[in-house]
Amino acid sequence: MTAWLLAYLALGAFVGFFAGLLGIGGGSVMVPLLVMLFAAQGMAAGEVMHLALGTSMAAIFFTSISSVRAHQAHGAVIWPIVARITPGIILGTVLGTYIASRVPTKALATIFTVFICYVSVQMVLNAKPRPQRDMPGLFGTSAIGVGIGALSCLVAIGGGALSVPFMTWCNVKIQHAIGTSAAIGFPIALGGALGYIWNGWGVSGLPAGSLGFVYTPAVLAMVVSSVLTAPIGARQTHRLPVASLKRVFAAILLALAVKMLWGLFSAP
């Protein structure tokens, strides 16, 4: 067990550093590596993807707290947008975790890999939509929140890859879009973690130490190490070639997702 805890500590340190350096969510790299670790640990093949998604959402919940505080300290969070989108986000996380819990592992892995392809291309091209409209009202923003919440739970992200482009398109300044996205990530992670716990409760074959589809030993280890390395990564932002590193990291993300997909489909 000690060796596996060390592996989760190392994963958390890796994710925390690059999250601080590049401003990315950790789920995109956590999920494929957790699938590989869980499979190597001998967990049920039919549930490793669900466990990886749930465990990632729980870890993101803890790290999102510090992220929200940091952005709020710089006045970068537009709270009226957070208030309008949160009801839709909550409904979306309920739908997303319910759907995910009933989708087979291989199909979930395919959805995740397709999404990682989108994220990787976005990172390589540094694509940002041009502002073309204003933020919609309560109904429109909530409806968008349902989609963001559901898809975020299906691929275990904090929602930034979806909410930042949406807000930028709606004439929100990029700094405020990033800060507000961090605040939106909190209900996504909370609802996602609780949803994976609820929908995984009572499922047979889950490892000891699990709360539904959340493997708590991995969550605790990753949170401890990522909290320590995220500030280190953030300090390196102005010292390292971040644009080039984003392209390298995008290639790593894509390779990990494809490797995970190959491993799941080639398993007996």
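Residues numbered from 1 in each chain as written. Predicted model: local features only at pLDDT ≥ 70, side-chain atom pairs only at ≥ 80, totals over all residues. Heavy atoms only, no water.

A word on the packing of aromatic side chains
Here's step 1: One pass over the full model with this rule turns up 6 aromatic pairs.
Here's step 2: Seen in terms of ring centroids, phenylalanine 38 and tyrosine 215 are 5.7 Å apart; in terms of plane orientation they differ by 90°. Their pairing is edge-to-face. Of this pair, phenylalanine 38 sits in helix α2 (residues 27-40) while tyrosine 215 sits in strand β2 (residues 214-215), and the two are 177 residues apart along the sequence. Each of the two residues, phenylalanine 38 as well as tyrosine 215, counts as buried.
Here's step 3: One aromatic cluster in this structure is built from Tyr8, Phe38 and Tyr215.
Here's step 4: Seen from the ring of tryptophan 169, arginine 133 lies directly overhead, with NZ or CZ sitting 5.6 Å from the centre. (Phe/Tyr/Trp six-rings, centres within 6.5 Å; stacked < 30°, edge-to-face > 60°. Helix = DSSP H or I, 4+ residues; strand = E, 2+ residues; numbered from the N terminus. Buried < 20%, exposed > 50% of the residue type's maximum accessible area, 1.4 Å probe, protein only. Lys NZ or Arg CZ within 6 Å of the ring centre and 35° of its normal.)

Points about the confidence of the model for the protein
Here's step 1: The predicted model of the protein has a mean per-residue pLDDT of 86, with 95% of residues at 70 or higher.
Here's step 2: Confidence, expressed as mean pLDDT per element, reaches its minimum in the protein at helix α10 (residues 242-266) with 80 and its maximum at β2 with 97. (pLDDT = per-residue confidence, 0-100.)

A look at the nonpolar core
Nonpolar side chains in soluble globular proteins generally cluster together in the buried interior.
Here's step 1: Counting 74 residues, the largest nonpolar core has Tyr8, Val31, Leu34, Phe38 and Met49 as the members making the most contacts within it.
Here's step 2: In terms of residue count, helix α3 (residues 48-73) provides more of this core than any other element does, 11 residues in total.
Here's step 3: Residues within four places of leucine 34 in sequence aside, it is in contact with Tyr8, Leu11, Ala52, Thr55, Ser56, Ala218 and Met222. (Core = buried A, V, L, I, M, F, W, Y, C linked by side-chain atoms within 4.5 Å. Contact = heavy atoms within 4.5 Å.)

Description of the environment of methionine 222
Here's step 1: Mapping methionine 222 onto the fold places it in helix α9 (residues 216-235).
Here's step 2: Residue classification places methionine 222 among the buried residues on the basis of a relative accessible area of 2%.
Here's step 3: If we skip the residues at most four places from it in the chain, methionine 222 touches Tyr8, Leu11, Gly12, Met30, Leu34, Thr55 and Ala59.

Some thoughts on helix α5 (residues 105-125)
Here's step 1: Between its terminal C-alpha atoms α5 stretches 30 Å, which fits the 30 Å expected from 21 residues at 1.5 Å a residue.
Here's step 2: Turning to α5, its buried residues number three or more, namely Thr105, Leu108, Ala109, Phe112, Thr113, Phe115, Ile116, Val119, Ser120, Gln122 and Met123. (Expected span 1.5 Å × (residues − 1).)

With respect to the packing of α5 against helix α6 (residues 138-155)
Here's step 1: Put simply, α5 and α6 touch, their axes get as near as 9 Å, and they point 110° apart. On the basis of the axis angle, α5 is roughly perpendicular to α6. Two secondary-structure elements touch here, α5 through Leu108, Ile111, Phe112 and Phe115 and α6 through Leu151, Leu154 and Val155.
Here's step 2: Of the residues belonging to the contact of α5 with α6, the class tally is 7 nonpolar, no polar and no charged. (Axes fitted to C-alpha atoms, helices over the stretch in contact; angles between N-to-C directions. Parallel < 35°, antiparallel > 145°, perpendicular 65-115°, else oblique. Nonpolar A, V, L, I, M, F, W, Y, C, P; charged D, E, K, R; others polar.)

With respect to the side chain of serine 163
Here's step 1: Mapped onto the elements of the fold, serine 163 is located in helix α7 (residues 160-169).
Here's step 2: On the accessibility criterion, serine 163 (1% relative accessible area) is buried.
Here's step 3: Apart from the residues lying within four places of it in its own chain, the contact partners of serine 163 are Ile148, Ser181 and Ile184.

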